[in-house]
Amino acid sequence: MKYYRFLLLSALLLLSIVGRAQTKLTSFSPGAIWPDDKGVHINAHGGGILYNNGVYYWFGEHKIAGDAGNRAMVGVHCYSSKDLYNWKDEGISLSVSSDTTNDIAKGCILERPKVVYNKKTKKYVMWFHLELLGKGYSAARAGVAVSDKVTGPYKFIKSYRPNPGQMPFYPALTPEGDKINCVSPAHETDKFFCRDLPGGQMARDMTVFVDDDGKAYHVFSSEENYTLDLAELTPDYMGHTGKFIRIYIGHQTEAPALFKRNGTYYMIGSGCTGWAPNAARWFSAKSIWGPWTYHGNPCQGPDSKITYGGQSTHVLPVAGKKDAFIFIADKWTPKDAIDGRYLWLPISFKGDDIEINWVDNWNLDVFKK
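Because the structure is predicted, anything quoted here is derived from the model rather than measured.

The rules behind the values
Residues numbered from 1 in each chain as written. Predicted model: local features only at pLDDT ≥ 70, side-chain atom pairs only at ≥ 80, totals over all residues. Heavy atoms only, no water. 1 Å grid on protein atoms, 1.4 Å probe; cavity = no way out; pocket = protein on both sides within 12 Å on 5 of 7 lines; lining within 4 Å. Points joined across faces, edges and corners; volume = space filled by probe spheres on them. Helix = DSSP H or I, 4+ residues; strand = E, 2+ residues; numbered from the N terminus. Nonpolar A, V, L, I, M, F, W, Y, C, P; charged D, E, K, R; others polar. Phe/Tyr/Trp six-rings, centres within 6.5 Å; stacked < 30°, edge-to-face > 60°. Disulfide = S-S within 2.5 Å. Buried < 20%, exposed > 50% of the residue type's maximum accessible area, 1.4 Å probe, protein only. Core = buried A, V, L, I, M, F, W, Y, C linked by side-chain atoms within 4.5 Å. Contact = heavy atoms within 4.5 Å.

Asks: Outline the layout of surface pockets, supporting the account with residue identities and numerical values.
Replies: The volume enclosed by the largest pocket comes to roughly 1,100 Å³. Taken together, 40 residues form the lining of the largest pocket, with Val 116, Tyr 117, Phe 209, Val 210 and Asp 211 sitting closest to its centre. Secondary-structure elements contributing two or more residues to the lining of the largest pocket are β1 (45-52), β5 (109-118), β9 (206-210), β11 (227-233), β13 (254-261) and β18 (311-317). Counted by class, the lining of the largest pocket contains 20 nonpolar, ten polar and ten charged residues. Quantified by volume, the second largest pocket comes out at close to 550 Å³. Taken together, 25 residues make up the lining of the second largest pocket; nearest its centre are Tyr 170, Asp 178, Arg 246, Ile 247 and Ile 249.

Asks: So what's going on with the packing of aromatic side chains? Residues and values would help.
Replies: What the rule picks out here adds up to 31 aromatic pairs. Here Trp 34 and Trp 344 contribute two aromatic rings whose centre-to-centre distance is 4.9 Å and whose plane-to-plane angle is 75°, an arrangement assigned as edge-to-face. Here the residue Trp 34 occupies a position in the loop between α1 (2-22) and β1, and Trp 344 occupies one in strand β20 (residues 341-350), the gap between them amounting to 310 residues. When the centroid spacing of 5.7 Å and the interplanar angle of 70° are considered together, the rings of Phe 325 and Phe 349 count as edge-to-face. Note that Phe 325 is positioned in strand β19 (residues 325-331) and Phe 349 in strand β20, a separation of 24 residues in sequence.

Asks: Tell me what's going on with the state of the cysteines, and back it up with residues and numbers.
Replies: With the rule as written, the count across this model stands at one disulfide. Disulfide pairing places Cys 182 opposite Cys 194 at an S-S distance of 2.1 Å. The disulfide joining Cys 182 to Cys 194 has a torsion of about -90° about its S-S bond and is therefore left-handed. Taken as a pair, Cys 182 in the loop between β8 (155-160) and α2 (190-196) and Cys 194 in helix α2 lie far apart in primary sequence, twelve residues in all. We classify Cys 182 as partly exposed; its relative accessible area is 32%. For Cys 194, a relative accessible area of 18% corresponds to the buried category. Cys 299 forms no disulfide, and the closest cysteine sulfur to it belongs to Cys 272, at a distance of 16 Å. For Cys 299, a relative accessible area of 4% translates into the label buried.

Asks: Quick one: what's the story with the nonpolar core, residue by residue and with numbers?
Replies: In this structure, Trp 58, Leu 84, Trp 87, Ile 268, Ile 326, Trp 344 and Ile 347 are the most contacted members of the largest nonpolar core, which totals 39 residues. Secondary structure elements with two or more residues in this core: β2 (55-61), β13, β14 (264-270), β15 (280-285), β18, β19, β20 and β21 (353-357). Element by element, the count of residues in this core is highest for β20, at six residues. Not counting the four nearest positions on each side in its chain, Leu 84 is found in contact with Phe 28, Trp 34, Tyr 56, Leu 316, Val 318, Ile 326, Trp 344 and Leu 364.

Everything listed is a geometric property; what it means functionally is a separate question.
Below is the structure:
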């Protein structure tokens, strides 16, 4: 009798687990545990999302428990979804190396991976911020990997500091006094640019943006995070052309996320306060090459001064919906990195201005209003 009772209880437990695993989500709950198709909290931090052939692919940093999870012990994780609520675990798309001399050796710092698709080469290209093993945050490099398949595996190609020996691009009629002068720097922070000119500019927090014409741009924190660089990528998306601009010079900015609406370019970022959250900031421009205008904090209401506890990582255009953009942020937990949470919130537009408000629970129907 006890044996049959044991079998019955086991069967009920199994059905309960399967039932939970098969429960389909129909809304977003910012900051909550977000289970994948296996019932495990999604492990794709500091990530970005690629929409490809009707499917969304979410790439992010795979974390492990404890503060060791702040380093890359596994690699970049990939998930797929058709509805943005429910995500399938596609495994590790880029693995770190067991070779300690490799640029992406296990234990390095590999952050904010972003994947874009090149229609001409038919390659998937991944960029990320890389700090070499045991070097802290001194390397400040951009890393690139490539794959023939969206989910990977991705092959690491190289890492380096962008645009060595190159001066910034300036639109016509830019006054000479507004151009950087390494012989006589006008600003204290210009010295960082001039210091790094021979070997390339520092590249930390970053994103990649592909414009309507197929040109791709790499945006990254540079000059000890006191400036954002927006740099043009080569036609194959795997290198830099040498053309770039400096944005919001002299102000520490990280966590850039760029998108485009009605011909206007928007960018959301944050200040630099380590793992502690701070007020978001946003910029806009009529041309990718600027000028970029600073507009302050897009977040409203309680906890807006700390971006609701998160930090920007990506802005996702929802396929097939007009003016539908999702602000994606990470709520970091450095003492137990694997427990990091995701804050997905709808962006509202007031004319050409943007606004982000906290919502406990919401779904894509909000964009129908």
